Amino acid sequence: MALRVDYIAKETANNLIRNPSLTIATVLTVAVSLSLLGAALLIQRGVDGLNDRFKDDVEFIVWVEPEASTDQVDLVRRSLEESSGVRDFRFVDRDETYAEFVDFWEDSPEVIEAVGPEELPTSFRVVPLVPDLAVVQALGAEFDGLPGVLKIDFAGEYIKQLNEFTSIASNIMLGAAVASAVASAMLMYNTIRTALFARRREVEVMRLVGASNWFIRIPFMLEGLFQGLVGAALSVLSVYGLNRGVRNLLNSTDFRLLDSFALDSTQLGSIAVWLLLCGAVIGFVGSGIAVSRYLDA
Amino acid sequence: MIKLENVTKEYPGHSVALKSADADIVKGEFVFLVGPSGSGKSTFLRLVNKQEDPDEGRIFVAGKDIGKLSSWKVPMLRRNIGSVFQDFKLLPNKTVAENVSFALEVIGRPRHVIKTQVPAICELVGLGDKTTKYPEQLSGGEQQRVSIARAFVNRPLILLADEPTGNLDPQTAIGIMRLLDRINKTGTTVVMATHDRGIVDTMRRRVIELSHGSIVRDEAQGVYE
Ligand SMILES: Nc1ncnc2c1ncn2[C@@H]1O[C@H](COP(=O)(O)OP(=O)(O)O)[C@@H](O)[C@H]1O
Ligand SMILES: [Mg+2]
């Protein structure tokens, strides 16, 4: 049997405009729930990027005063060698520190000009045996009192706290996204049921004269699919907007650490694909259940 | 053409609507199903086009056991069975011609078939000059003619009519019966549920009488009684 494309297109369009307020409500609900999902994905990708960058990084840094003597540096080195909690460490000398410094501040030549290599502290980058925050902090404290030691920096601590905070935030958003996705699928179900009810006479006649099940279903399923996809498209726009906002915010500061939270277009593209897929699924599942329950009854 | 073997149908929470019914209707027959309201006439008809499934027994249509039909083949069964109802079931927002062509459109018949079949069938039922009217602009008898045209336009083997004259005055009813008779003469098997004594007694066709779901009489050229 030839499916009549013109018939199906006409019926789908009729369904969509028959009840515009319900159509709009459904599209907006899908858009809101998928925007939440998109935001959660944005954060998660950001955290992933952050972790990628710091994955192999030192867990803590022992800064040595610029004026420290060679003996003092050797003492710190020996303590590190003898410590049972240290797996590995590396000494970063003055030249390397300066190179990093220049690299970090490359956008601010005035800072680079103001500081000479001799003013910079050298450091030991220490990889502890146990990468647990509490253990690392205790270990780091052992070296805090040594002569010539400027301070101990826990690079990991900052990342970890950020990690914890963002993973809580993104989990909450993910939860809200899932809840509202369920809500939007339920609204979709009701919208399609309303459409079926509005067309119950046609559906009854179609069944009586022997229209195939798919022929009856397709316009309603397409209606759901269309609403799901339009909602998803709106959520893609809002995610792009959100990402642009984050990028502008990050660019307006000199804070480079969080740069991974502004996604590139490939990452955004993959989020967009996910959102459109979810919109299609919401539309298909919601309308599919409505149509099945109505027609198989 | 239609065969019921020991068919029982019970609606949950209700008494039995059809009890161990046996019937054999051959091709080209015209059969009246008679009996008071609630005796199971509509249930009989709904079982034949698989709007309902029996709890017991088997039903054959054109030699096939429709109990064994998978659900995606049910539409094919229904394409061979036209249905007409007391309340016409016309679509109010479609004209006469659109109501009739709807039945062909939704089963995917090609446009050129629709273009020739629809005017022909409208002519046949006597509505050749009213094809652009809407149902509300027609009398009850004319509306029933549209619904018969829709049921017959795909040339089904069987036409089921559930009290098609129930809403019509006797004069109009006679016209509808003439039309059904003509359709029957083309070889279509017609099964009509009715409790219109006058019609049954004038036509003198086979009568199957139902009472509380049981077939209590099956008579060739019978009367209503
Ligand atoms: N959909 C239904 N659900 C429950 N009971 C029904 C249903 N349809 C019919 N019945 C019952 O089955 C019996 C037979 O009904 P029906 O076949 O409609 O009789 P008739 O058409 O002769 O009036 C009646 O008692 C009726 O109440
Ligand atoms: Mg009835």
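Refer to the structure presented above.
Everything numeric here is computed off the predicted structure, so don't read it as measured data. (Residues numbered from 1 in each chain as written. Chains lettered and ligands numbered in written order. Predicted model: local features only at pLDDT ≥ 70, side-chain atom pairs only at ≥ 80, totals over all residues. Heavy atoms only, no water.)

S.K.: Quick one: what's the story with the overall build of chain B, residue by residue and with numbers?
M.R.: Check the secondary structure of chain B and you find seven helices and 10 strands. In summary, chain B has a C-alpha radius of gyration of 17 Å against a globular reference of 17 Å for 225 residues, a match within 12%. With the principal axes as the frame, chain B shows a C-alpha extent of 45 × 40 × 35 Å. Within the span of chain B, comprising 225 residues, buried residues form 52% of the whole. The long-range fraction of contacts in chain B, counting pairs at least 24 apart against all pairs at least 6 apart in sequence, stands at 68%. If you sum the accessible surface of chain B, you get close to 10,100 Å²; carbon and sulfur atoms cover 49% of it. Taken together, the 31 basic and 27 acidic charged side chains of chain B have centroids lying 7 Å from each other. (Helix = DSSP H or I, 4+ residues; strand = E, 2+ residues; numbered from the N terminus. Rg over C-alpha atoms; globule rule 2.2 N^0.38 Å. Buried < 20%, exposed > 50% of the residue type's maximum accessible area, 1.4 Å probe, protein only. Contact = heavy atoms within 4.5 Å. Areas by Shrake-Rupley, 256 points an atom, 1.4 Å probe, with all protein chains shown as cover. Lys, Arg positive; Asp, Glu negative; His and termini not counted. Charge placed at Lys NZ, Arg CZ, Asp CG, Glu CD.)

S.K.: Can you lay out the sheet that holds strand β2 (residues 86-92) of chain A for me, pointing to particular residues and giving the numbers?
M.R.: Residue and element names in this part refer to chain A. Pairing is antiparallel across the open sheet formed by four strands, whose spatial order is β2-β3-β1-β4. Taken across any chain shown, the strands that pair with only one partner, and hence form the sheet edges, are β2 and β4 (149-153). Going from strand to strand, the sheet's axes swing by 20° on average, the running direction of each strand aside. Two strands pair when backbone bridges link them, and strand β1 (residues 60-64) and strand β3 (residues 122-128) are joined in this way by five bridges, in the antiparallel orientation. Paired with tryptophan 63 across the two strands is serine 123, which belongs to β3. Against the sheet, helix α3 (residues 70-82) makes contact with β1, β2, β3 and β4, and its axis sits at roughly 160° relative to β2, the strand it touches most. Against the sheet, helix α4 (residues 94-104) makes contact with β2 and β3, and its axis sits at roughly 80° relative to β2, the strand it touches most. (Pairing = 2+ DSSP bridges. Axes fitted to C-alpha atoms, helices over the stretch in contact; angles between N-to-C directions.)

S.K.: Residues and numbers for the environment of serine 33 of chain A, please.
M.R.: Residues and elements named next belong to chain A. Looking at the secondary structure, you find serine 33 in helix α2 (residues 20-54). Judged by relative accessible area, serine 33 falls into the buried class, the value being 0%. Spatially, the C-alpha atoms of serine 33 and serine 184 are 7.3 Å apart, while their sequence positions differ by 151 residues.

S.K.: Tell me about the sheet that holds strand β1 (residues 2-10) of chain B, and name the residues and values.
M.R.: Residue and element names in this part refer to chain B. Spatially, the four strands line up as an open sheet ordered β2-β1-β4-β5, and their pairing is antiparallel. The sheet is open, and its two edges are formed by β2 (16-25) and β5 (64-65), each paired on a single side. Examined bridge by bridge, strand β4 (residues 56-61) and β5 share two bridges and lie antiparallel to one another. Bridging across to β5, valine 61 finds its partner in lysine 64. This element, helix α1 (residues 41-48), spans β1, β2 and β4 of the sheet and lies at about 60° to β2.

S.K.: Residue-level account of the site of ligand 1, with values.
M.R.: Residues and elements named next belong to chain B. Neighbouring residues of ligand 1: Tyr11, His14, Ala17, Pro36, Ser37, Gly38, Ser39, Gly40, Lys41, Ser42, Thr43 and Arg46. Lysine 41 is positioned with one of its backbone polar atoms (N or O) 2.9 Å from an oxygen atom of ligand 1. A distance of 3.3 Å separates a nitrogen atom of ligand 1 from a polar atom in the side chain of arginine 46. With the chains in place, 68% of the 550 Å² that ligand 1 exposes on its own is no longer accessible. If one sorts the elements of the shell around ligand 1 by residue count, α1 sits on top with four residues. (Near = heavy atom within 4 Å. Polar contact = N/O pair within 3.5 Å; in protein donor to acceptor, adjacent residues only side chain to side chain.)

S.K.: Could you give an account of the nonpolar core, with specific residues and numbers?
M.R.: Of all hydrophobic cores here, the largest spans 77 residues; its most connected members are Met206 of chain A together with Phe32, Val100, Val106, Leu180 and Met192 of chain B. Not counting residues within four places of it along the chain, the set of residues in contact with methionine 192 of chain B comprises Phe30, Val31, Phe32, Leu33, Ala161, Pro164, Thr165, Met177, Leu180 and Ile199 of chain B. The next biggest cluster of nonpolar side chains, apart from the first, holds 25 residues, and it includes Leu18, Ala23, Ile66 and Ile81 of chain B. (Core = buried A, V, L, I, M, F, W, Y, C linked by side-chain atoms within 4.5 Å.)

S.K.: Which residues make up the pairing of strand β3 (residues 30-34) of chain B, and what values go with them?
M.R.: All names here are of chain B. Counting buried positions along β3 yields five of five residues, so the element is predominantly enclosed. A two-sided burial pattern is seen for β3, the buried positions comprising Phe30, Phe32 and Val34 on one face and Val31 and Leu33 on the other. Bridging between β3 and strand β8 (residues 189-193) involves four bridges; their strand directions are parallel. In the sheet register, phenylalanine 30 faces β8, and the bridge partner there is valine 190. Sheet analysis places β3 next to strand β9 (residues 206-211), joined by four bridges and oriented parallel. Across the sheet, leucine 33 pairs through a bridge with isoleucine 208, a residue of β9.

S.K.: Explain the side chain of asparagine 184 of chain B to me, using residue names and the numbers behind them.
M.R.: Residue and element names in this part refer to chain B. Mapped onto the elements of the fold, asparagine 184 is located in helix α6 (residues 170-185). A distance of 2.9 Å separates a polar atom in the side chain of asparagine 184 from the backbone oxygen of threonine 188. Apart from the residues within four sequence positions on either side, asparagine 184 is in contact with Gly28, Glu29, Phe30, Val190 and Arg205.

S.K.: Any chance you could break down the interface of chain B and chain A for me, citing the residues and the numbers?
M.R.: With 25 residues of chain B at the contact, the number on the chain A side is 18 residues. Of the roughly 1,800 Å² buried between chain B and chain A on both sides combined, carbon and sulfur atoms contribute 58%. The tally of links between chain B and chain A comes to one salt bridge. Residue lysine 89 of chain B pairs with glutamate 204 of chain A through a salt bridge whose shortest N-O separation is 3.0 Å. The tally of links from chain B across to chain A stands at three residue pairs in polar contact (both at pLDDT 80 or more). Counted by class, the side of chain B that touches chain A contains 12 nonpolar, six polar and seven charged residues. (Buried area = accessible area lost by both parts, 1.4 Å probe. Salt bridge = Lys/Arg side-chain N within 4 Å of Asp/Glu carboxyl O. Nonpolar A, V, L, I, M, F, W, Y, C, P; charged D, E, K, R; others polar.)

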